[in-house]
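Architecture and fold: a report
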Amino acid sequence: KNIYYFEEIDSTNDYGKIVAQKPFEDGDIIIAESQNKGRGRFSREWVSPMRKGAYLSILLKPQISFEKITRLTIITALAVCSALEDHIQKKVEIKWPNDILINQKKICGILTEISGEVDKINYVVIGIGININLDIEDFDESLATKASSLKIETGKIQNRKEIVQKILSIFDEYYDDFLNDENYESIIDEYRKKSYLIGRNVEVRIYNNDSIRARVLDIEKNGALKVELENGEIRDLLSGEVTL
Ligand code: BTN
């Protein structure tokens, strides 16, 4: 596997897409000390100050069908959650589909991007951004109430390298299982246990910008969020953004 390392880059996900234009290895990594165009989901910016966070992308070419992509998100979120929990000895939760929270604040986001057709995936880029040693001043006002960092939550500077190594080694194990179709039941069980949303009342913004109010019942085996709408209807949501 190859590791592409940068002091500064626009976005590790964007660089991943460039690398993917030529033959690459399953599991190549792009990692940077800072990003000047870090991107989040829903075209948001991802604040990526120099040497304060971890900004990396994992480039994959799994030969699987599209519907299994959700599982990749699940294993990535779980790998980050387990690695962080192990590292800081604090409760770390997953807010479906792939936000990682500590004390109800967002510490990490994951941006999965795919190129290909239904039965032929060219590549998948999984971008992981972790707020490790960011200070409260690094977040603008609108973020300060929702986002945080490991340093803020633990009161200590954390070792970025150790954290990234831990995440990648756990991810590798899960990814092997994923490719061999092994242990998925226990992985999804683990994800459920760490799920912040189960049992909560939420509002979900779905892709056409509609909002629906619902109560979260469970995480389905395929990674969908199982919700009960106000009229009693049960629905499985495959993607969307959830607010409480
Ligand atoms: C989100 O929660 O909205 C997803 C945030 C993903 C951020 C990471 S940082 C590394 C990679 N490169 C990017 O431009 N974005 C992802």
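In this text the structure is predicted, and so the values were computed from the model without any measurement.

**Description of the domain arrangement of the protein chain**
- For the protein chain, the domain assignment lists domain 1 (3–193) and domain 2 (201–243).
- The straight-line distance from the C-alpha centre of domain 1 to that of domain 2 is 23 Å.
- Of the residues lining the interface, 13 residues belong to domain 1; the matching set on domain 2 comes to 16 residues.
- Carbon and sulfur atoms supply 56% of the area buried between domain 1 and domain 2, which totals about 1,300 Å² over both sides.
- Three residues, F42, W96 and R192, lead the burial of domain 1 against domain 2; their summed loss comes to 50% of the area buried on that side.
- Put simply, domain 1 and domain 2 have 3 salt bridges between them.

**Brief notes about the site of the ligand**
- The environment of the ligand is made up of 19 residues, and the closest members are S11, Q35, R39, R41 and K106.
- Q35 is positioned with one of its side-chain polar atoms (N or O) 2.9 Å from a nitrogen atom of the ligand.
- At 2.7 Å from a nitrogen atom of the ligand is found a main-chain nitrogen or oxygen belonging to R39.
- In isolation the ligand exposes 410 Å². Once the protein is present, 99% of that is buried.
- Judged by its atoms lying within 2 Å of the grid points, the ligand is housed in the largest pocket.
- When residues of the shell around the ligand are traced back to their parent elements, those giving at least two are α1 (12–19), β3 (53–60), β6 (105–117) and β7 (120–131).
- Looking at the shell around the ligand element by element, the count peaks at 4 residues for β6.

**Some details on the sheet that holds strand β9 (residues 211–219)**
- Read from one edge of the open sheet, 5 strands run β11-β10-β9-β8-β12, paired in antiparallel fashion. The strands lining the two open edges of the sheet, one partner per strand, are β11 (234–237) and β12 (241–243). Averaged over all neighbouring strand pairs, the angle between strand axes comes to 45 degrees, with direction disregarded.
- As judged from the 5 bridges shared by strand β8 (residues 201–205) and β9, these two strands associate in the antiparallel manner.

**Examining helix α5 (residues 160–179)**
- With 20 residues, α5 extends 28 Å between its outermost C-alpha atoms, agreeing within 8% with the 28 Å of an ideal straight helix rising 1.5 Å per residue.
- Inspection of α5 places R160, I163, V164, I167, L168, I170, F171, Y174, Y175, D177 and F178 among the buried residues, and these make up the whole buried set.
- If you follow the buried residues of α5, they end up packed against β2 (28–35), β3, α2 (69–88), β7, α4 (150–154) and α6 (184–193).
- Among the residues of α5, the N-terminal cap falls to N159, whose side-chain oxygen and the backbone nitrogen of K161 are separated by 3.0 Å.
- Note on α5: the residue one or two positions beyond its end, D181, has a positive phi of about 55 degrees.

**Re α2**
- For α2, built from 20 residues, the straight-helix expectation of 28 Å at 1.5 Å per residue is met to within 8% by its first-to-last C-alpha distance of 29 Å.
- Backbone geometry just downstream of α2 places Q89 in the positive-phi region, at approximately 55 degrees.

**Digging into empty space enclosed by the protein**
- Taken as a whole and assessed by the stated rule, the structure comprises 1 cavity of 30 Å³ or more.
- Empty space within the largest cavity amounts to approximately 30 Å³.
- Lining the largest cavity, in full, are T70, T73, I74, W96, P97, Y191, G223 and L238.
- Ranked by the residues each element gives to the lining of the largest cavity, the list is headed by α2, at 3 residues.
- Class assignment for the residues of the lining of the largest cavity results in 5 nonpolar, 3 polar and no charged.

**Some thoughts on the packing of α2 against α5**
- Between α2 and α5, whose axes approach to 8 Å, the crossing angle comes to 140 degrees. Here α2 lies oblique to α5, going by the angle between them. Considering only the axes of α2 and α5, their crossing is right-handed. Between α2 and α5, the contacting residues are R71, L72, I75, T76, L78, A79, V80, S82, A83, L84, D86 and H87 on the first element and E162, I163, K166, I167, I170, F171, Y174, Y175 and F178 on the second.
- Among the residues making up the contact of α2 with α5, the classes are represented as 14 nonpolar, 3 polar and 4 charged.

Cut-off values and rules
Throughout this description, residue numbers start from 1 for each chain and increase along the sequence as written. Owing to the predicted nature of the model, reporting of local features is limited to residues with pLDDT of at least 70; listing and counting of side-chain atom pairs is limited to 80 or more, with chain, interface and lining totals taken over all residues. Neither water nor hydrogens contribute to the side-chain values; these are computed over all heavy atoms in the structure. Marked domain ranges trace back to an automatic or database domain assignment. We call two residues contacting when some pair of their heavy atoms lies within 4.5 Å. Two parts placed together each lose some accessible area; with a 1.4 Å probe, that loss summed over both constitutes the buried area. The working definition used for a salt bridge is a side-chain nitrogen of Lys or Arg within 4 Å of a carboxyl oxygen of Asp or Glu. We call a residue near a molecule or strand when any one of its heavy atoms sits within 4 Å of it. Counted as a polar contact is a pair of N or O atoms within 3.5 Å, where, for protein atoms, one must be capable of donating a hydrogen and the other of accepting one, and residues adjacent in sequence contribute only when both atoms are in side chains. Computed with a 1.4 Å probe, the accessible areas rest on the Shrake-Rupley method; for each residue, only the protein chains presented here act as cover. Cavities and pockets were defined on a 1 Å grid built from protein atoms only: a cavity is a group of points that admits a 1.4 Å probe but offers it no way out, a pocket is an open group of points flanked by protein on both sides within 12 Å along at least five of seven lines, and a lining residue is one with an atom within 4 Å of any such point. Each molecule is assigned to a cavity or pocket provided more than half of its atoms lie within 2 Å of the corresponding grid points. Only DSSP runs of H or I covering at least 4 residues are called helices, and only runs of E covering at least 2 are called strands; the numbering of each starts at the N terminus. By this definition, two strands are paired if DSSP reports at least two bridges between them. In this analysis an axis means a line fitted to C-alpha atoms, helices contributing only their contacting stretch, and an angle means the value between N-to-C directions, from 0 to 180 degrees. Working rule for helices: expected span equals 1.5 Å times residues minus one. Relative accessible area decides the class of each residue, using a 1.4 Å probe on protein chains only: under 20% of the type maximum gives buried, over 50% gives exposed, and in between gives partly exposed. Grid points are joined across faces, edges and corners, and a volume is the space filled by probe spheres set on the points. Gly counts as polar in this scheme, as do all residues outside two lists: the nonpolar Ala, Val, Leu, Ile, Met, Phe, Trp, Tyr, Cys and Pro, and the charged Asp, Glu, Lys and Arg. An angle counts as roughly parallel when it lies under 35 degrees, as roughly antiparallel when it exceeds 145, as roughly perpendicular when it falls between 65 and 115, and as oblique in every other case. Crossings are sorted by hand: turned counterclockwise from the far helix by less than a right angle, the near helix makes the crossing left-handed, and turned clockwise it makes it right-handed.

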